[in-house]
Amino acid sequence: MNIRPSRRSRSVLVDMTPLIDVVFLLLIFFMVSTTFDKQTAIKVDLPEASNQVDENKQPQHIAISIDAKGHYYLNDQELVTHDLATLKRALSKAAAENKEIPVIVTSDKQAPFQAVMTVMDAAGQLGLTHLSFLARATAAQGE
């Protein structure tokens, strides 16, 4: 009977991969289960204000629409003629020396490209650099 322990020592290795997986799962669990809603914790009594509009106040933007024939509409009013000089006069009157006012351009998809370029040119010559172009959102696939 050999009772002596064997002299071969086995090195014990601890596999860290399952431990790291468990730590990540706990981290994800606590991140998902934590609520981030802080708005209900703060009670604010907002002040009141009248909702009357000052008619002398400058508009917040200039809206230019271009129809399928290339006619210009400035803030829903059609311009008398459809050339660059008339468009520049109307834009400068609407901007009233405010070069930072945004210009929103809405164009029909059948409108001549030259009409859109004329609006960009007129705005650029007047120093109106904040141009935005509106488009209709397309329907999502599968609807």
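Thresholds, definitions, all that
Residues numbered from 1 in each chain as written. Predicted model: local features only at pLDDT ≥ 70, side-chain atom pairs only at ≥ 80, totals over all residues. Heavy atoms only, no water. Helix = DSSP H or I, 4+ residues; strand = E, 2+ residues; numbered from the N terminus. Expected span 1.5 Å × (residues − 1). Buried < 20%, exposed > 50% of the residue type's maximum accessible area, 1.4 Å probe, protein only. Arc of directions from axis to C-beta. Contact = heavy atoms within 4.5 Å. Core = buried A, V, L, I, M, F, W, Y, C linked by side-chain atoms within 4.5 Å. Axes fitted to C-alpha atoms, helices over the stretch in contact; angles between N-to-C directions. Parallel < 35°, antiparallel > 145°, perpendicular 65-115°, else oblique. Left-handed = near helix turned anticlockwise from the far one by under 90°. Nonpolar A, V, L, I, M, F, W, Y, C, P; charged D, E, K, R; others polar. Pairing = 2+ DSSP bridges.

Draft legend 1. Here's a closer look at helix 3 (residues 113–126). With 14 residues, helix 3 should cover 20 Å at 1.5 Å per step; its first-to-last C-alpha distance of 20 Å lies within 8% of that length. All buried positions along helix 3 are accounted for by Ala 115, Val 116, Thr 118, Val 119, Ala 122, Ala 123 and Leu 126. Around the axis of helix 3, the buried residues are gathered within 155° of arc, so they sit on the same side. In helix 3, the exposed positions that point more than 90 degrees away from the buried face belong to Phe 113, Gln 114 and Gly 124. Contacts from the buried residues of helix 3 go to strand 1 (62–66), strand 2 (72–74), helix 2 (84–95), strand 4 (103–107) and strand 5 (131–134).

Draft legend 2. Geometry of unusual backbone geometry. Phi at Asp 76 takes a positive value of approximately 70°, unusual for a residue other than glycine. Inspection of the secondary structure assignment puts Asp 76 in the loop between strand 2 and strand 3 (77–78). Given a relative accessible area of 72%, Asp 76 falls into the exposed group. Positive phi is not limited to glycine here, since Ala 96 has a value of about 50°. On the accessibility criterion, Ala 96 (37% relative accessible area) is partly exposed.

Draft legend 3. The nonpolar core, seen in detail. Core analysis: the largest hydrophobic core is formed by 22 residues, its most contacted members being Ile 62, Ile 66, Leu 74, Leu 91 and Leu 128. At the level of secondary structure, the elements contributing two or more residues to this core comprise strand 1, strand 2, helix 2, strand 4 and helix 3. Counting residues per element, this core draws most heavily on helix 3, which supplies six residues. Not counting residues within four places of it along the chain, the set of residues in contact with Leu 91 comprises Ile 62, Ile 64, Leu 74, Ala 122, Ala 123, Leu 126 and Leu 128.

Draft legend 4. Broad picture of the packing of helix 2 against helix 3. With their axes 9 Å apart at the nearest point, helix 2 and helix 3 run at an angle of 50° to one another. Between helix 2 and helix 3, the angle is such that the two are oblique. Where helix 2 crosses over helix 3, the two elements pack in a sense that is right-handed. In this structure, helix 2 uses Leu 84, Leu 87, Lys 88, Leu 91 and Ser 92 to contact helix 3, whose residues at the interface are Thr 118, Val 119, Asp 121, Ala 122, Ala 123, Gln 125 and Leu 126. Taken together, the residues that form the contact of helix 2 with helix 3 break down as seven nonpolar, three polar and two charged.

Draft legend 5. Helix 2, seen in detail. Taking 1.5 Å per residue, 12 residues should reach 16 Å; helix 2 reaches 16 Å between its end C-alpha atoms and fits that length. For helix 2, the full list of buried residues reads Thr 86, Leu 87, Ala 90, Leu 91, Ala 94 and Ala 95. One side of helix 2 holds all its buried residues, which, seen down the axis, span an arc of 155°. Exposed and oriented more than 90 degrees from the buried face of helix 2 are Arg 89 and Lys 93. The inward-facing, buried residues of helix 2 abut strand 1, strand 2 and helix 3. Looking at the residues trailing helix 2, positive phi occurs at Ala 96, about 50°.

Draft legend 6. Molecular detail of the sheet that holds strand 1. With respect to topology, five strands assemble into an open sheet ordered 3-2-1-4-5, the strand pairing being mixed. On the outer flanks of this sheet lie strand 3 and strand 5, each paired with one strand and no other. In the sheet, strand 2 pairs with strand 3 via two bridges, with the strands oriented antiparallel. Bridge pairing in strand 3 links Tyr 73 to Glu 78.

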